[in-house]
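Secondary and tertiary structure notes
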Amino acid sequence: MQFDFSTFSHFITAPFLFKISFLFVLFLYIIFTLIIFNQIRSMDQLISEIHSSIIIRAISLIGIVAAISLFLAAVVIL
Amino acid sequence: MPDLFVAQQQPQNKEVTAAPETLQTAPKVSATVLPTDHNPHLLTSFCENPDSVKFADAEPDEKILLFLRRHFITNIPWIFTTLLLLIAPLILAFVVRKFSIDLSFLPNHSVIFLTIFYYLLIFAYALVSFFTWFFNISLITQKRIVDIDFSDLVYKNVATTKLDLVQDASFSQIGVIRSVFDYGDVLIQTAGAMDNFDFKAVPKPERVIQIVESLIGKEENAV
């Protein structure tokens, strides 16, 4: 059984390539936001301000949630 | 014959005799008994005797006397850059509309997604810049000095020294902006081959020096 490149090439269109590249970059961004969150948690364990810790973690969590939401939206809509 | 020129009593004598007393009785800026307690908030850069700050390696009886960050004014460059980056897409949209640039070659919805992603990148930039400021902290306890350096998420350095090893403390406040907003660099020199501590752009450097010198027993040299 041979692989039919002509059938496969129908999928490789400009929007498809854009979507794949966008999702890949967004995936890297999600990893980056997770690293931010991890570093904040690590620094927070080293030195914590009771009043600020919650706000700081919440802000970094917002970044993660926004990135994941955009990723899922891109998978569905693009 | 009456003396025409009688030397008046020099008030200096009083001062000379009074000087040691004033030195002895002058209210020492004892950093170990600071009068007020404070709770630093999110943007605090100078706080004496903070209650709500916990340090991981702190000993049970160790109390933080001074909590320092760089002055908030040092955040202005990245805040300004962020604001510029925030309005950049609006300018770009205006240019596209003004010159009727054709963007139809882009896939559907891609402009919206790219714009949102662009704003997420700016958010990340602002976040990293803020955390770089937020976690660059210097602490002075009644036992030691702690300097936490944190930069761009990848560099983290925690340096401590006991107060016994501190030899001298000095500060520099160069420039109009630093004088107006009262912040400067504090240099704490330690004995031997140990690294010196350099607190960059901290508020009220005079007060910092005063506290450090009171702790190491050099009140009389305090600024």
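Now for a quick tour of the structure. (Residues numbered from 1 in each chain as written. Chains lettered and ligands numbered in written order. Predicted model: local features only at pLDDT ≥ 70, side-chain atom pairs only at ≥ 80, totals over all residues. Heavy atoms only, no water.)

1. Thoughts on the layout of surface pockets
Residue and element names in this part refer to chain B. Put simply, the largest pocket is a space of about 420 Å³. Lining the largest pocket are 14 residues, and of these P89, L92, A93, V111 and T115 sit closest to its centre. Mapped by element, the contributors of at least two residues to the lining of the largest pocket are α2 (76–98) and α3 (110–134). Per-element accounting of the lining of the largest pocket gives the leading share, seven residues, to α2. For the lining of the largest pocket, the per-class residue count stands at twelve nonpolar, one polar and one charged. (1 Å grid on protein atoms, 1.4 Å probe; cavity = no way out; pocket = protein on both sides within 12 Å on 5 of 7 lines; lining within 4 Å. Points joined across faces, edges and corners; volume = space filled by probe spheres on them. Helix = DSSP H or I, 4+ residues; strand = E, 2+ residues; numbered from the N terminus. Nonpolar A, V, L, I, M, F, W, Y, C, P; charged D, E, K, R; others polar.)

2. Side note on the nonpolar core
A general tendency of soluble globular proteins is for nonpolar side chains to be buried together. Formed by 26 residues in total, the largest nonpolar core has its most connected members in B:F55, B:F131, B:F135 and B:L139. Among the elements that take part in this core, α3(B) stands out by supplying seven residues, more than any other. The contacts of B:L139, once residues within four sequence positions are left out, are A:I47, B:F55, B:I64, B:L66, B:F67, B:R144, B:I145 and B:V146. Grouped together as the second largest cluster of nonpolar side chains are 19 residues, B:F46, B:L68, B:I140 and B:V208 included. (Core = buried A, V, L, I, M, F, W, Y, C linked by side-chain atoms within 4.5 Å. Buried < 20%, exposed > 50% of the residue type's maximum accessible area, 1.4 Å probe, protein only. Contact = heavy atoms within 4.5 Å.)

3. Here we look at the pairing of strand β9 (residues 197–203) of chain B
All names here are of chain B. For β9, a buried count of five out of seven residues is recorded, marking the element as mostly surrounded by other parts of the structure. Pairing analysis gives five bridges linking strand β8 (residues 183–190) to β9, with the strands arranged antiparallel. Among the inter-strand pairings, I188 is bridged to a residue of β9, identified as F197. Where β8 folds back on β9, the antiparallel hairpin that results is connected by six residues, among which G192 adopts a positive phi of roughly 65°. (Pairing = 2+ DSSP bridges.)

4. Here we look at the sheet that holds β9(B)
Residue and element names in this part refer to chain B. Pairing within the open sheet is antiparallel, and its three strands lie in the order β7-β8-β9. In this open sheet, the two edge strands, each paired with only one partner strand, are β7 (166–172) and β9. For this sheet, the mean inter-axis angle between neighbouring strands, taken without regard to orientation, is 20°. In this structure, β7 lies alongside β8, joined through six bridges in antiparallel fashion. Across the sheet, residue D168 finds its bridge partner in β8, namely Q189. Against the sheet, helix α5 (residues 205–215) contacts β7, β8 and β9, and its axis sits at roughly 170° relative to β7. (Axes fitted to C-alpha atoms, helices over the stretch in contact; angles between N-to-C directions.)

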